[in-house]
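Summary of structural features
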Amino acid sequence: QEAERAVAQGGARFVAVQNEFSLVHRDPEQGVLAECERQGIALIPFFPLASGLLTGKYNTVEKPTEGRLAEDRYAGRLSKENLELVGHLSGWAEARGHTMLELAFAWLLAHRPVASVIAGATKPSQVRANAKAGDWELSDAEVSEVNALLN
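Quick look at the structure, then.

Procedures and definitions
- Residues numbered from 1 in each chain as written.
- Predicted model: local features only at pLDDT ≥ 70, side-chain atom pairs only at ≥ 80, totals over all residues.
- Heavy atoms only, no water.
- Helix = DSSP H or I, 4+ residues; strand = E, 2+ residues; numbered from the N terminus.
- Buried < 20%, exposed > 50% of the residue type's maximum accessible area, 1.4 Å probe, protein only.
- Contact = heavy atoms within 4.5 Å.
- Core = buried A, V, L, I, M, F, W, Y, C linked by side-chain atoms within 4.5 Å.
- Phe/Tyr/Trp six-rings, centres within 6.5 Å; stacked < 30°, edge-to-face > 60°.

1. Here's the deal with the overall build of the chain
Across its full length, the chain carries six helices and two strands. The order of helices and strands in the chain, counted from the N terminus, is α-β-α-β-α-α-α-α. Taking all 151 residues of the chain together, the buried fraction comes to 39%. Across the chain, every contact between residues at least 6 apart in sequence was considered, and the portion connecting residues at least 24 apart equals 68%.

Structure below.
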């Protein structure tokens, strides 16, 4: 709403916003998604993998020695509750022939105003995995099942 008010009469308006949004950081569900739809603005989520938590490679609250979760400001994401949630979500995805990463992206892309996902990569294999993740389109029923796991 603030961005819309900042546009001068006849001026260019915003076409997208970037907010942190993931299976474990769901703040945009508290009004941002609805406002984006109302205004016809895309949401482009950053940190879709919650700084690596949703890659499925972490299974302990012990601070890793490398990666974003090794940084003090992100270390709190490795909580027992988050790891348990990732375990449930990962099992749900694997039962359907998919990875945790694929679920993380597919769930975001199932939200109407989400136009794309900002996905970082440090290796060619990560680029390939990120690109493949966009192939899974969740049904409404699957989104409901995932949301039930989240709640």
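Next comes the rest of the description.
2. Brief notes about the nonpolar core
The biggest cluster of nonpolar side chains holds 33 residues, and the ones touching the most others in it are Leu 23, Leu 54, Leu 89, Leu 103, Trp 107, Leu 138 and Val 146. Mapped onto this core, the elements with two or more residues apiece are helix H2 (32–39), helix H3 (80–94), helix H4 (100–109) and helix H6 (140–150). Here the element with the most residues in this core is H4; it accounts for eight residues. Not counting residues within four places of it along the chain, the set of residues in contact with Trp 107 comprises Phe 21, Ser 22, Leu 23, Arg 26, Glu 29, Leu 138, Val 146, Asn 147 and Leu 150.

3. Section: unusual backbone geometry
If you check the backbone angles, Ala 50 has positive phi at about 50° while not being a glycine. Residue classification places Ala 50 among the buried positions, given a relative accessible area of 0%.

4. Points about the packing of aromatic side chains
Enumeration according to the criterion identifies three aromatic pairs in this entry. Plain terms: the ring middles of Phe 21 and Trp 107 are 5.4 Å apart, the flat faces sit at 55° to each other, and that makes the pair tilted. Here Trp 107 lies in helix H4 and Phe 21 lies in the loop between strand E1 (16–17) and H2, a separation of 86 residues in the sequence. When sorted by exposure, Phe 21 lands in the same class as Trp 107, which is buried. Look at Phe 46 and Phe 47: their rings are 5.4 Å apart centre to centre, the planes differ by 70°, and that puts the pair in the edge-to-face class. Classification of Phe 46 as partly exposed rests on a relative accessible area of 27%.

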